[in-house]
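Structural characterization, general
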Amino acid sequence: MNAVDTNILIYVNDPRDPQKQVIAASLICSLTDGVLIWQVACEYLAASRKLEPLGYDKAQAYQYIRDLQQVWYTALPNWNVIDRAEDLMNRFSLSHWDSMIVAACLEANIEILYTEDFGYSAIDGLKIDNPFQNT
């Protein structure tokens, strides 16, 4: 199973960087075993508000998340995520929010997290892949 970070979902609907948009959209379409992390869905809905001046409104953002729910498994948080996140923050100097996403991925047995935000290639067995690394 694979998951994406919020930035990947934002790029799909953000026309300002066409190259990243194409890569993000291609990745999303290729993930037949995708998992939508609850926190990522929430962050996306908040961050997508910045796309309103570009014509992408909140109704479209909510529909996009509903569409992903139809094809991906949704990983809901549990209390173990908080304990794992605290440990990850201490060991890897991650932000609170990044450690929560990594912890949620570890709890859901995600194999690969796609993101451009981390400086790691793996954390506790979770592979971290930056799909934009060569752009």
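Our subject in this report is the structure included herewith. All values reported here derive from a predicted model rather than from experimental measurement.

Overview of the overall build of the protein chain
- Within the protein chain one finds six helices and six strands.
- For the protein chain, the sequential pattern of α-helices and β-strands runs β-α-α-β-α-α-β-α-α-β-β-β.
- Relative to a compact globule of 135 residues, whose C-alpha radius of gyration would be 14 Å, the protein chain shows 14 Å and is just as compact.
- Its C-alpha atoms give the protein chain principal-axis dimensions of about 40 × 30 × 25 Å.
- When burial is assessed residue by residue, the protein chain has 45% of its 135 residues classed as buried.
- Partitioning the contacts of the protein chain with sequence separation of at least 6, the portion at a separation of at least 24 is 61%.
- Of the roughly 7,300 Å² of accessible surface on the protein chain, 51% is carried by carbon and sulfur atoms.
- Separation between the mean location of the 9 positive side-chain charges and that of the 18 negative ones in the protein chain comes to 5 Å.

Some words on the packing of helix α3 (residues 38–47) against helix α6 (residues 96–107)
- Look at α3 against α6: their axes get within 9 Å of each other, and the N-to-C directions meet at 140 degrees. Put simply, α3 runs oblique to α6. Along the contact surface, α3 presents Gln39, Val40 and Glu43, while α6 presents Trp97, Met100 and Ile101.
- Here the contact of α3 with α6 is built from residues that sort into four nonpolar, one polar and one charged.

Here we look at unusual backbone geometry
- In the Ramachandran plot, Ser93 falls in the positive-phi region, its phi being about 55 degrees despite a non-glycine side chain.
- With respect to the secondary-structure elements, Ser93 resides in the loop between α5 (79–92) and α6.
- Although it is not a glycine, Asp124 sits at a positive phi angle of roughly 50 degrees.
- Summarising the element assignment, Asp124 is placed in the loop between β5 (122–123) and β6 (126–129).
- Of the residues examined, Asp124 reaches a relative accessible area of 44% and is grouped as partly exposed.

What counts and how
Residues numbered from 1 in each chain as written. Predicted model: local features only at pLDDT ≥ 70, side-chain atom pairs only at ≥ 80, totals over all residues. Heavy atoms only, no water. Helix = DSSP H or I, 4+ residues; strand = E, 2+ residues; numbered from the N terminus. Rg over C-alpha atoms; globule rule 2.2 N^0.38 Å. Buried < 20%, exposed > 50% of the residue type's maximum accessible area, 1.4 Å probe, protein only. Contact = heavy atoms within 4.5 Å. Areas by Shrake-Rupley, 256 points an atom, 1.4 Å probe, with all protein chains shown as cover. Lys, Arg positive; Asp, Glu negative; His and termini not counted. Charge placed at Lys NZ, Arg CZ, Asp CG, Glu CD. Axes fitted to C-alpha atoms, helices over the stretch in contact; angles between N-to-C directions. Parallel < 35°, antiparallel > 145°, perpendicular 65-115°, else oblique. Nonpolar A, V, L, I, M, F, W, Y, C, P; charged D, E, K, R; others polar.

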